[in-house]
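# Structural overview
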Amino acid sequence: MKILGSQESLIEFPGHLSYVIFIAGCNFRCPFCYVPHLVLPEKYEKQEGMEQEKILKEIKERKNFIDAVCITGGEPTIHPQLFAFLKKIKKLNIKVRLETNGSNPEAIEKLMQENLIDSVALDIKNCREKYNKTCGAVVKIEDIEKTVEIIKNSNLDYELRTTLVPGFHNEDDIKKIARWLFKDKRKIKLYVLNQFRTDLPEEKTINPEFIKKGNYPYIKLEKIKTELEKTGYFEKIKIRGEKY
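Residues numbered from 1 in each chain as written. Predicted model: local features only at pLDDT ≥ 70, side-chain atom pairs only at ≥ 80, totals over all residues. Heavy atoms only, no water.

Our focus in this paragraph is the layout of surface pockets. Quantified by volume, the largest pocket comes out at close to 1400 Å³. If you go around the largest pocket, you meet 41 residues; those closest to its centre are Glu-12, Tyr-34, Thr-163, Asn-194 and Arg-197. Elements with a contribution of two residues or more to the lining of the largest pocket: strand S1 (3-9), helix H1 (36-39), strand S4 (95-100), strand S6 (157-164) and strand S7 (191-195). Each residue belonging to the lining of the largest pocket can be placed in one class, and the counts come to 14 nonpolar, 15 polar and 12 charged. (1 Å grid on protein atoms, 1.4 Å probe; cavity = no way out; pocket = protein on both sides within 12 Å on 5 of 7 lines; lining within 4 Å. Points joined across faces, edges and corners; volume = space filled by probe spheres on them. Helix = DSSP H or I, 4+ residues; strand = E, 2+ residues; numbered from the N terminus. Nonpolar A, V, L, I, M, F, W, Y, C, P; charged D, E, K, R; others polar.)

The subject of this paragraph is the nonpolar core. Ile-21, Ile-59, Ile-71, Ile-89 and Ile-124 are the most contacted members of the largest nonpolar core, which totals 72 residues. For Ile-21, the residues in contact, after removing those within four places along its chain, are Ile-3, Gly-5, Ile-55, Ile-59, Val-69, Cys-70, Ile-71, Thr-72, Phe-85 and Ile-89. Residues Val-20, Ala-24, Leu-38 and Cys-70 belong to the second largest nonpolar core, which totals 7 residues. (Core = buried A, V, L, I, M, F, W, Y, C linked by side-chain atoms within 4.5 Å. Buried < 20%, exposed > 50% of the residue type's maximum accessible area, 1.4 Å probe, protein only. Contact = heavy atoms within 4.5 Å.)

The element strand S2 (residues 18-23) is extensively covered by neighbouring structure, given that 6 of its 6 residues are classed as buried. In S2, alternate side chains face the same way, and those of Ser-18, Val-20 and Phe-22 on one face and Tyr-19, Ile-21 and Ile-23 on the other are all buried. In terms of strand pairing, S1 meets S2 through 5 bridges, oriented antiparallel. What sits directly across from Glu-8, in S2, is Tyr-19. Both S2 and strand S3 (residues 68-72) contribute to a ladder of 5 bridges, which runs parallel. Note that in S3 the partner of Ile-21 across the bridge is Ile-71. (Pairing = 2+ DSSP bridges.)

Time to look at empty space enclosed by the protein. Under the definition given, this model contains 1 cavity of 30 Å³ or more. Its volume calculated, the largest cavity comes out at about 40 Å³. Forming the walls of the largest cavity are Glu-171, Ile-174, Lys-175, Ile-224, Glu-227 and Leu-228. Sorting the residues of the lining of the largest cavity by element identifies helix H8 (171-181) and helix H10 (218-229) as the ones contributing at least two each. Among the residues forming the lining of the largest cavity, the class breakdown is 3 nonpolar, no polar and 3 charged.

Tallying each qualifying case throughout the model produces 7 aromatic pairs. Taking the centre distance of 4.2 Å and the plane angle of 15° together, the rings of Phe-182 and Tyr-233 count as stacked. One end of the pair, Phe-182, is in the loop between H8 and S7; the other, Tyr-233, is in the loop between H10 and strand S8 (237-240), with 51 residues separating them in the sequence. Like Phe-182, the residue Tyr-233 is buried in the burial classification. Geometry around Phe-83 places Lys-110 over its ring, the cationic atom sitting 4.9 Å from the centre. Positioned above the aromatic ring of Phe-168 is the side chain of Lys-133, whose terminal nitrogen or guanidinium carbon lies 5.7 Å from the ring centre. (Phe/Tyr/Trp six-rings, centres within 6.5 Å; stacked < 30°, edge-to-face > 60°. Lys NZ or Arg CZ within 6 Å of the ring centre and 35° of its normal.)

Counted under the stated rule, the structure contains 24 salt bridges. In this structure, Lys-146 and Glu-106 form a salt bridge, with 3.7 Å as the shortest nitrogen-oxygen distance. In this pair, Lys-146 is assigned in helix H7 (residues 141-152) and Glu-106 in helix H5 (residues 105-113), connecting sequence segments 40 residues apart. Overall, Lys-146 belongs to the partly exposed group, its relative accessible area being 34%. Exposure remark for Glu-106: the relative accessible area of 44% places this residue in the partly exposed category. In this structure, the salt-bridge partner of Glu-229 is Lys-225, at a minimum N-O distance of 2.6 Å. Taken as a pair, Glu-229 and Lys-225 lie in helix H10 at a separation of 4 residues, close to a single helical turn. Taking the relative accessible area as the measure of exposure, Glu-229 reaches 43% and is therefore partly exposed. Residues joined by salt bridges that share partners form a network here, namely Arg-97, Glu-99, Asp-123, Lys-125, Asp-157, Glu-159, Arg-161 and Arg-240. (Salt bridge = Lys/Arg side-chain N within 4 Å of Asp/Glu carboxyl O.)

Right, dumping it as C-alpha cells:
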C-alpha cells in the first residue's frame, strides 16, 4: 500500500478539520477522474511513497488540532494492508472517514465490524445502465448495491454522492439513481451533488477533454436538487460546487 500524500482539509470531511491521506491504486478508470497520479500505475509507480510510521507520527503531533483522519485514493479498500494501518490510527483515539467507490462491500463491512471507521463517503458513479461506461471498468453492480445496503443499515455517519459530468449524466440519470438508492424504501441520510471541477490543469484529469466540455452551472444543480427533494427519498441533499 503506497501513500502518496497527506494534507489538512476542511473539505474532505465536512464539519471537521481532517488529516487526509492519499493512497495510490484504483480498480476504476473514470475518464473524468481528478487524480490520475493516484490511479494510473504508470504515474504512481514512479513516485516515492511516504512511510506509514511518519504518517502516524504526524497524526499524533496534530491530535490537538485535527478532528479526524480521512482515507482516500485511488480506492483504499483494494489494499489488504489498510486494516493494519487503520488499527494503528484508531489506537490514537481519532475518528476515521473512508472515501470509497463501493466495489468491495466485504472489506467495508469488515472495517465496520472491527470499528475501524466512523464515517463513509460513497461515490455513486451513475445509474445502473451507465455504470460501466462511467467507471471505465467492468463493475459488479451487485457489489455496489450491497455496499449501499451495508452503509444505509449501519449507525455510521455517511454520505452518498455523485459528480455530475456533462456527457455522462443528465436529469433522467439522476432520477434513476434516486429510485435505485431508495429501492429498499429506506431514506438516504445525505446525498451530495458534486459539481464537476473545470478549474484544474488538463493534466489533472485522465481525459482532459472533459475539462474542455465544462460543467453544469450551479443553477442547474439547484433545479435537480429541488426535483430530488420532491421524491421524499432523502433526508438531506446538498450541492458542492461554485455558485458563480
